[in-house]
Amino acid sequence: SLFAKALESLGYEIHVLTGRSSSKIDKILRKLGIHVLGDRLIRIAKIFERFGIRHVHYYQDYYRRYSPGVLEDEARSLIKDRSEKEILELIKDDFRVGQCAVSSFIRINRRCGFHLRNEKERELLVKELAHSLKAAYALDVIIGDIKPDLVLTYERAYTPFGQIYDACIKRGIPVIS
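Residues numbered from 1 in each chain as written. Predicted model: local features only at pLDDT ≥ 70, side-chain atom pairs only at ≥ 80, totals over all residues. Heavy atoms only, no water.

In this section: a nonpolar patch on the surface. Among the surface-exposed residues, Phe3, Leu152 and Ile176 lie close enough to one another that they form a single nonpolar patch of about 290 Å² accessible area. By the element assignment, Leu152 lies in strand S3 (residues 151-152). Judged by its relative accessible area of 39%, Leu152 falls in the partly exposed class. (Patch = residues over 30% accessible without salt bridge, like charges linked within 9 Å, V, L, I, M, F, W, Y side chains within 5 Å. Areas by Shrake-Rupley, 256 points an atom, 1.4 Å probe, with all protein chains shown as cover. Salt bridge = Lys/Arg side-chain N within 4 Å of Asp/Glu carboxyl O. Helix = DSSP H or I, 4+ residues; strand = E, 2+ residues; numbered from the N terminus. Buried < 20%, exposed > 50% of the residue type's maximum accessible area, 1.4 Å probe, protein only.)

Structural data, given as structure tokens:
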């Protein structure tokens, strides 16, 4: 919020792109003394409202446009006959979908790598690659809709943050990370 206020003082209009729900959000609300029953979107908006931020966008609203089954089929075809290194270097429409998927897979599963010969790991990687593709497609649209002058993000490696970064770089939008 400190960065948002600094950017606002420079004349930028602040838009927040966030997820829809989290138990962390509930804890933050309690610390701020906000007690809202019902819709989590109201809770999230209330947090940002406290900081004077009126424009809140949720990437899941854009995710609905993409079929999980179709994305998993696409992910399977993308990793077919590829090595681990080739998957890590996989780029689709200027998005580092492979790197984001592998980074997220490693973080979520608390691993130090992945093995395609292991069927369970391969299937988990397919799901992460499908999520990475969904984020790439959705964030390409979101960044195109919002048309930011500047983007501030705290992460560049994991889905969906890596895709936010890539969508901005693709459009020549400066990113502070």
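Here the focus is the packing of helix H7 (residues 97-109) against helix H8 (residues 119-146). Helix packing geometry: the angle between the two helix axes and the distance between the axes. Two numbers describe how H7 lies on H8: the axes approach to 8 Å, and their chain directions differ by 125°. Here H8 runs oblique to H7, going by the angle between their axes. The handedness of the crossing between H7 and H8 comes out as right-handed. Residues Val97, Gly98, Cys100, Ala101, Val102, Ser104, Phe105, Ile108 and Asn109 of H7 pack against Glu121, Leu124, Leu125, Glu128, Leu129, Ser132, Leu133 and Ala136 of H8. Along the lines of polarity and charge, the residues of the contact of H7 with H8 split into eleven nonpolar, four polar and two charged. (Axes fitted to C-alpha atoms, helices over the stretch in contact; angles between N-to-C directions. Parallel < 35°, antiparallel > 145°, perpendicular 65-115°, else oblique. Left-handed = near helix turned anticlockwise from the far one by under 90°. Contact = heavy atoms within 4.5 Å. Nonpolar A, V, L, I, M, F, W, Y, C, P; charged D, E, K, R; others polar.)

We now examine the packing of H8 against helix H9 (residues 161-171). In the contact formed by H8 and H9, the axes pass within 9 Å of each other and the chain directions differ by 45°. One element, H8, and the other, H9, form an angle in the oblique class. As H8 runs across H9, the sense of the crossing is right-handed. For the pair formed by H8 and H9, the contact residues are Ser132, Ala135, Ala136, Leu139, Asp140, Ile143 and Gly144 on the first element and Gln163, Ile164, Ala167, Cys168, Lys170 and Arg171 on the second.

Glancing now at the pattern of salt bridges. Two side chains that carry opposite charge are able to pair once their charged atoms sit near each other. Going through the model one piece at a time under the given rule, you end up with twelve salt bridges. Glu89 serves as the salt-bridge partner of Lys85, at 2.8 Å between the closest nitrogen and oxygen. Judged by relative accessible area, which is 56%, Lys85 ranks as exposed. Residue classification places Glu89 among the partly exposed residues on the basis of a relative accessible area of 48%. Measuring nitrogen to oxygen at the nearest pair gives 2.8 Å for the salt bridge that ties Arg171 to Asp140.

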